[in-house]
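Single-letter residue listing:
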Amino acid sequence: MTDLERLERMPRVPMAALPTRFEEAPRMARAIAGDKAPSLYLKRDDLTGLATGGNKTRKLEYLVADAIKGGYDILVTTGAAQSNHARQTAAAGAKYGLKVILVLEGEDPGPPQGNHLLDVILGADVRFAGVEEDEAVWGKMVALRDELASQGRKAYLIPVGGSVPIGALGYATAVLELADQALAAGVKKADIYIASGSAGTQAGVELGLRLAHRQGFDGHCYGVSVSHRAHEIAAEVARIANGTAELIGSDIRLEPGEIDILDQYVGPGYAVATPGGIEAIELLARSEGVLLDPVYTGKAMAGLVDQVRRGRYGRGEPVIFWHTGGVPALFVYAEEFTKKR
Ligand SMILES: Cc1ncc(COP(=O)(O)O)c(C=O)c1O
């Protein structure tokens, strides 16, 4: 059996509306670069469909399958109050009849808004850890699992972002979907820009690209960091991707040095809006009618816009932006769009 065949046989439950659209964004390309515009394509994973969509739904197709296979009856995960991953996990649990407990980072921010509000509507048990650091929050999740076990419940813990080898399977398969669509549009070679946070999405993309090379699609991924330094994300991407390769019995192995991360678009920090991100959101909204968000996709698009403006791509050269969702968080940033600039 080939790597691709083994990938296709991994346990998966259907949740996302697939394939997501692959579409040209010519007015956005002209808005950035006028007559010298590259051919800009959007891969619309904001339209995966589950409770306002996003990238985590693809990961959850594999994580929920693993939980069901293992006889778990509760999903426990974490993230920021505005976590898109937590919201999609709440929806996935609802769809498959699993209780969902969200142990969100920090203190309760007050009246729910954006993703936090959707968590509540989706019926998740939302708790705030009172601590921020990943390890401290994980400790609380483990203690919760033990407490639930003593009540005869079996809790499946999903680390932040679903960024574990099983979750990254979702983006290895997503690349094969993208490769088919790109080849059908006559795009054989292209750079791909995607927001990178907890690194699991890019890990899947990197592994998928190495598999798709064998199908004749030559894509190169630029992860645009929304939080960490480039070397930290690159190490995580390689670690998770290698775990995913092992899961499917593939010999492919990645080194951190092969992973390209652009970390100059983070701004002051995670979830802090940047002028470049706000500009990118407004540009895409006003040229194509497509919404981005200030935490992830706005910063990733700001990276693409900047690279195009620096002349990195020639006229008509294909460039792909992988839209990973995040729109519910927009409502929490209303002031950024309405204040006088
Ligand atoms: C909208 C959006 N884009 C991109 C990402 C980044 O994915 P990852 O954490 O797998 O790097 C996330 C993750 O939270 C997200 O919510």
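Residues numbered from 1 in each chain as written. Predicted model: local features only at pLDDT ≥ 70, side-chain atom pairs only at ≥ 80, totals over all residues. Heavy atoms only, no water.

Enquirer: Honestly, helix H4 (residues 84-96) in this entry has me stumped. Any pointers?
Expert: Residues three or four positions apart in an α-helix share a direction because the helix packs 3.6 residues into each turn. Here H4 is 13 residues long and its end C-alpha atoms lie 18 Å apart, about the 18 Å a rise of 1.5 Å per residue gives. With ten of 13 residues buried, H4 is to be regarded as a mostly interior element. Restricting attention to buried positions, one finds in H4 the residues Asn84, His85, Ala86, Arg87, Gln88, Thr89, Ala90, Ala91, Ala92 and Gly93. Residues of H4 that are buried sit in contact with helix H3 (56-69), strand E3 (74-79), strand E4 (99-104), helix H5 (114-121) and strand E6 (155-158). For H4, the N-terminal cap is serine 83; the gap from its side-chain oxygen to the backbone nitrogen of histidine 85 is 3.2 Å. Backbone geometry just after H4 places glycine 97 at a positive phi near 70 degrees. (Helix = DSSP H or I, 4+ residues; strand = E, 2+ residues; numbered from the N terminus. Expected span 1.5 Å × (residues − 1). Buried < 20%, exposed > 50% of the residue type's maximum accessible area, 1.4 Å probe, protein only. Contact = heavy atoms within 4.5 Å. Polar contact = N/O pair within 3.5 Å; in protein donor to acceptor, adjacent residues only side chain to side chain.)

Enquirer: Explain the pattern of salt bridges here, please?
Expert: Any two side chains of opposite charge can pair, on the condition that their charged atoms come close. Tallied over the full model, the rule gives 20 salt bridges. Close ionic contact of aspartate 73 with arginine 153 constitutes a salt bridge, the shortest N to O distance being 2.8 Å. Residue aspartate 73 is located in the loop between H3 and E3, and its partner arginine 153 is located in the loop between helix H6 (134-150) and E6; the two are separated by 80 residues in the primary sequence. Between arginine 309 and glutamate 279 there is a salt bridge; the shortest N-O distance is 2.8 Å. Taken as a pair, arginine 309 in helix H11 (residues 297-309) and glutamate 279 in helix H10 (residues 275-288) lie far apart in primary sequence, 30 residues in all. Three or more residues are tied together by salt bridges with common partners; here these are Arg21, Glu23, Arg44 and Asp46. (Salt bridge = Lys/Arg side-chain N within 4 Å of Asp/Glu carboxyl O.)

Enquirer: Just checking my understanding: could you explain the nonpolar core for this structure?
Expert: As a rule of thumb, soluble globular proteins bury nonpolar side chains together. In terms of nonpolar packing, the biggest core is built from 42 residues, with Val205, Phe217, Ile320 and Trp322 touching the most fellow members. Breaking this core down by element, the ones donating at least two residues are helix H7 (165-184), strand E7 (189-196), helix H8 (200-212), helix H9 (230-247) and strand E10 (318-323). It is H7 that provides the largest number of residues to this core, a total of ten residues. The residues contacting tryptophan 322, other than those within four sequence positions of it, are Lys43, Asp45, Tyr171, Ala174, Val175, Leu178, Ile192, Tyr193, Ile194 and Val205. (Core = buried A, V, L, I, M, F, W, Y, C linked by side-chain atoms within 4.5 Å.)

Enquirer: What's the story with the domain arrangement of the protein chain in this structure? I'm lost.
Expert: Bring the parts together and some accessible area is lost; that lost area is often taken as the interface size. Under the domain assignment, the protein chain is made up of domain 1 (3-53 + 164-338) and domain 2 (56-162). One C-alpha centre belongs to domain 1, the other to domain 2; they are set 24 Å apart. Facing 35 residues of domain 1, the contacting portion of domain 2 comprises 32 residues. Where domain 1 abuts domain 2, roughly 2,800 Å² becomes buried across the two surfaces, and 64% of that area is made up of carbon and sulfur atoms. The largest contributions to the domain 1 side of the interface with domain 2 come from Val13, Met15 and Leu50, which together make up 21% of the buried area. At the surface where domain 1 touches domain 2, the tally comes to three salt bridges. Among the salt bridges present, the one from glutamate 61 reaches arginine 12, with a minimum N-O distance of 2.8 Å. Applying the counting criterion to the domain 1 and domain 2 interface returns 14 residue pairs in polar contact (both at pLDDT 80 or more). Of all elements in the fold, only H7 and H8 reach the threshold of two or more residues within the side of domain 1 that touches domain 2. The greatest single-element share of the side of domain 1 that touches domain 2, amounting to eight residues, is contributed by H7. Grouping the amino acids of the side of domain 1 that touches domain 2 by side-chain chemistry returns 20 nonpolar, eleven polar and four charged. (Domains from an automatic or database assignment. Buried area = accessible area lost by both parts, 1.4 Å probe. Nonpolar A, V, L, I, M, F, W, Y, C, P; charged D, E, K, R; others polar.)

Enquirer: Help me understand the sheet that holds strand E5 (residues 125-128) in this model?
Expert: Hydrogen bonding along the main chain pairs the strands of a sheet, whether they run parallel or antiparallel. The four strands are arranged E5-E4-E3-E6 in an open sheet whose pairing can be described as parallel. Whereas interior strands pair on both sides, the edge strands pair on one side only; in this sheet they are E5 and E6. Across this sheet, the average inter-strand angle for adjacent strands is 20 degrees, counted without regard to direction. One ladder, built from four bridges, connects E4 with E5; its direction is parallel. Paired with leucine 104 across the bridge in E5 is phenylalanine 128. Seen against the sheet, H6 touches E3, E4, E5 and E6 and runs at an angle of roughly 170 degrees to E6. (Pairing = 2+ DSSP bridges. Axes fitted to C-alpha atoms, helices over the stretch in contact; angles between N-to-C directions.)

Enquirer: Would you mind going over the sheet that holds strand E1 (residues 22-24) with me for this structure?
Expert: Here we have six strands laid out as an open sheet, ordered E1-E2-E10-E7-E8-E9, and mixed in their pairing. Strands with a single pairing partner mark the edges of an open sheet, and in this sheet they are E1 and strand E9 (260-262). Each neighbouring strand pair of the sheet contributes to a mean axis angle of 30 degrees, computed without reference to strand direction. Sheet analysis places E7 next to E10, joined by three bridges and oriented parallel. Within the sheet, the bridge partner assigned to isoleucine 192 lies in E10 and is isoleucine 320.

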